[in-house]
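Observations on the three-dimensional arrangement
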Amino acid sequence: MRPLIAGVAIILVLLTGWGCVSVVCAEWEGVDEAVVKKFAEQAGRPPREPYINTTRGDLLLFCFLLAGTVGGFAGGYYFRELFPPKSKRTHD
Amino acid sequence: MSRPLEMTVFAVVAVGVLGCQSAYAMHVSEGILTLPWAGFWFALSIPFVALGLRNLRLRSEREPHIKALLGLVGAGVFVISCLPVPVPTAGTCSHPCGTGMAAILVGPLLSAVVASVALTLQALFLAHGGLTTLGANIFSMGVVGSFTGYGAFLLARKLGAPWAVAAFFAGLLSDWATYAATSLILAAGLQPGGDFWSLLIGILVAFVPTQVPLGVLEGFVSAGAYGFLRSRRPEFVALPAKEGAS
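Residues numbered from 1 in each chain as written. Chains lettered and ligands numbered in written order. Predicted model: local features only at pLDDT ≥ 70, side-chain atom pairs only at ≥ 80, totals over all residues.

**Some words on the overall build of chain B**
Within chain B, the regular secondary structure consists of nine helices and two strands. Listed N to C, the secondary structure of chain B is α-α-α-β-β-α-α-α-α-α-α in terms of helices and strands. Here chain B holds 246 residues, and the buried ones make up 56% of them. Put simply, of all contacts in chain B between residues at least 6 apart along the chain, 76% involve residues at least 24 apart. (Helix = DSSP H or I, 4+ residues; strand = E, 2+ residues; numbered from the N terminus. Buried ≥ 20, exposed ≤ 12 C-beta atoms within 10 Å, placed from the backbone. Contact = placed C-beta atoms within 7 Å.)

This is the structure we're talking about:
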């Protein structure tokens, strides 16, 4: 099993390294732009502005941080509930 | 959990949340689908979400930990499904879905519920996907991704594959199936002049350079998450298999 995993990892590293060299000037656009938007525009149905547009000014940053805070709290809270430290588990 | 592992999890979550940018990858953006198609995908998705909510009510009566596990898995799916990962072989960014992992941890119906919540929040606050295309996005990521991942896991286990290999294929195939479903949704909704098949193949081929390596990455993530839960709380990972009985 381990040689298989090592082999796959080596192939991935080689592919990634080759890719890094070959597309060093890549623009790293999301596939929504590279694929979805391209085909939608070809069909005459380009994406429209979102109904709730949070990309204005610092609104998006506010949403990211709010989501990060809430998500981080929820993740941490439930993680501790599901995987309590060993010392606490022995008391339960 | 060891300190380095805790720090790694924290770093991944932090990068995921702070690295989110608007409108990436399999999410079908606002305005791309016509109203009839948007309604059609909503109609297909809603029964799965409703069944998932019923499943949650039934399971929470006999599995007190399920809501906590669902909260943790939900946070994971939310982050994973808006985490733009650069793919050097393609020179583009895309995101994994996390629903294959969620399906083998909590079951496919609850995974569909988790995906619908994550996609709704992303559409509302992160300009990621859209409100009119929410049904289509839930169908591709929440329904097709979850059931493909869960089915792949069960099939691999029945064929005698070790759990790590089964979990890897759950992540890999759920990712690829999600993007195949997105291609189908786009081809059906956008077909110019009725040329459905050539458009479908064109979109599928366009996704390949980015999604093939990303699917492999998602396979490793699923295997890692399943392995972690299996080692720390083995009693939890046996439960989703019983979901069909409820």
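**A word on the overall build of chain A**
Of the regular secondary structure elements, chain A holds four helices and one strand. Starting at the N terminus, the α and β elements of chain A follow one another as α-β-α-α-α. A total of 92 residues make up chain A; the buried ones form 14% of that total.

**A look at the sheet that holds strand S1 (residues 29-30) of chain A**
Here we have three strands laid out as an open sheet, ordered S1(A)-S2(B)-S1(B), and mixed in their pairing. Of all strands in the sheet, those with a lone pairing partner are S1 of chain A together with strand S1 (85-87) of chain B, marking the two edges. Pairing between S1 of chain B and strand S2 (residues 92-94) of chain B: three bridges, direction antiparallel. Considered in S2 of chain B, the bridge of Val-85 of chain B is made with Ser-94 of chain B. Across the sheet, helix H8 (residues 196-232) of chain B lies against S1 and S2 of chain B, angled at about 125 degrees from S1 of chain B, the strand it touches most. (Pairing = 2+ DSSP bridges. Axes fitted to C-alpha atoms, helices over the stretch in contact; angles between N-to-C directions.)

**Let's talk about the confidence of the model for chain B**
Residues and elements named next belong to chain B. Per-residue pLDDT for chain B has a mean of 85; in total, 85% of the residues score no lower than 70. At the low end of the mean pLDDT range in chain B sits helix H1 (residues 3-18), at 43; at the high end sits helix H6 (residues 134-158), at 96. Considering only residues more than four positions removed or in separate chains, one finds that residues 1-24, a stretch of pLDDT under 50, has 39 contacts. The complex prediction reports pTM at 0.81, with the ipTM value standing at 0.74. (pLDDT = per-residue confidence, 0-100.)

**Considering the interface of chain B and chain A**
In this complex, chain B contributes 48 residues to the contact, which on the side of chain A involves 41 residues. Looking at the side of chain B that touches chain A, the elements with two or more residues in it are H1, helix H3 (66-80), S2, helix H5 (108-125), helix H7 (163-190) and H8 of chain B. Taken together, the residues of the side of chain B that touches chain A break down into 33 nonpolar, 12 polar and three charged. When S1 of chain A meets S2 of chain B, the two strands line up parallel, connected through two bridges. Within S2 of chain B, the residue paired with Glu-29 of chain A across the bridge is Thr-92 of chain B. (Nonpolar A, V, L, I, M, F, W, Y, C, P; charged D, E, K, R; others polar.)

**Quick look at H5 of chain B**
Residue and element names in this part refer to chain B. With 18 residues, H5 should reach 26 Å at 1.5 Å per residue; the first-to-last C-alpha distance of 26 Å fits that figure. Burial analysis of H5 places 13 of its 18 residues in the buried class, the great majority of the element. Of the residues flanking the end of H5, it is Ala-127, one or two places downstream, whose phi is positive at about 50 degrees. (Expected span 1.5 Å × (residues − 1).)

**Considerations on the packing of H7 of chain B against H8 of chain B**
Helix packing for two helices is described by the angle between their axes and how far apart those axes are. All names here are of chain B. Closest axis-to-axis distance for the H7/H8 pair is 6 Å, and the angle between their directions is 150 degrees. One finds that H7 runs roughly antiparallel with respect to H8. Read as a crossing pair, H7 and H8 show a hand that is right-handed. Residue composition of the contact of H7 with H8, by class: 27 nonpolar, seven polar and three charged. (Parallel < 35°, antiparallel > 145°, perpendicular 65-115°, else oblique. Left-handed = near helix turned anticlockwise from the far one by under 90°.)

**A word on unusual backbone geometry**
Residue and element names in this part refer to chain B. A positive phi angle is found at Ala-127, which is not glycine, with a value near 50 degrees. Considering the arrangement of structural elements, one finds Ala-127 in the loop between H5 and H6. For Ala-127, a count of 24 C-beta atoms within 10 Å translates into the label buried.

**Looking at the nonpolar core**
In terms of nonpolar packing, the biggest core is built from 80 residues, with Val-73, Ile-104, Leu-105, Val-114 and Ala-170 of chain B touching the most fellow members. No other element matches H7 of chain B, which puts 16 residues into this core. (Core = buried A, V, L, I, M, F, W, Y, C linked by C-beta atoms within 7 Å.)

**Examining the packing of helix H4 (residues 99-106) of chain B against H8 of chain B**
Residue and element names in this part refer to chain B. In contact at an axis separation of 9 Å, H4 and H8 are set at 25 degrees when each is read in the N-to-C sense. Put simply, H4 runs roughly parallel to H8. The element H4 and its partner H8 pack so that their crossing is right-handed. On H8, the residues that touch Gly-100, Met-101, Ile-104 and Leu-105 of H4 are Glu-218, Val-221, Ser-222, Ala-225, Tyr-226 and Leu-229. Looking at the contact of H4 with H8, its residues break down into seven nonpolar, two polar and one charged.

**Some words on H4 of chain B**
All names here are of chain B. Counted residue by residue, H4 has eight buried out of eight residues, so it is predominantly covered. Along H4, the residues that are buried comprise Thr-99, Gly-100, Met-101, Ala-102, Ala-103, Ile-104, Leu-105 and Val-106. Looking at the buried positions of H4, the neighbouring elements they touch are H3, H5, H6, H7 and H8.

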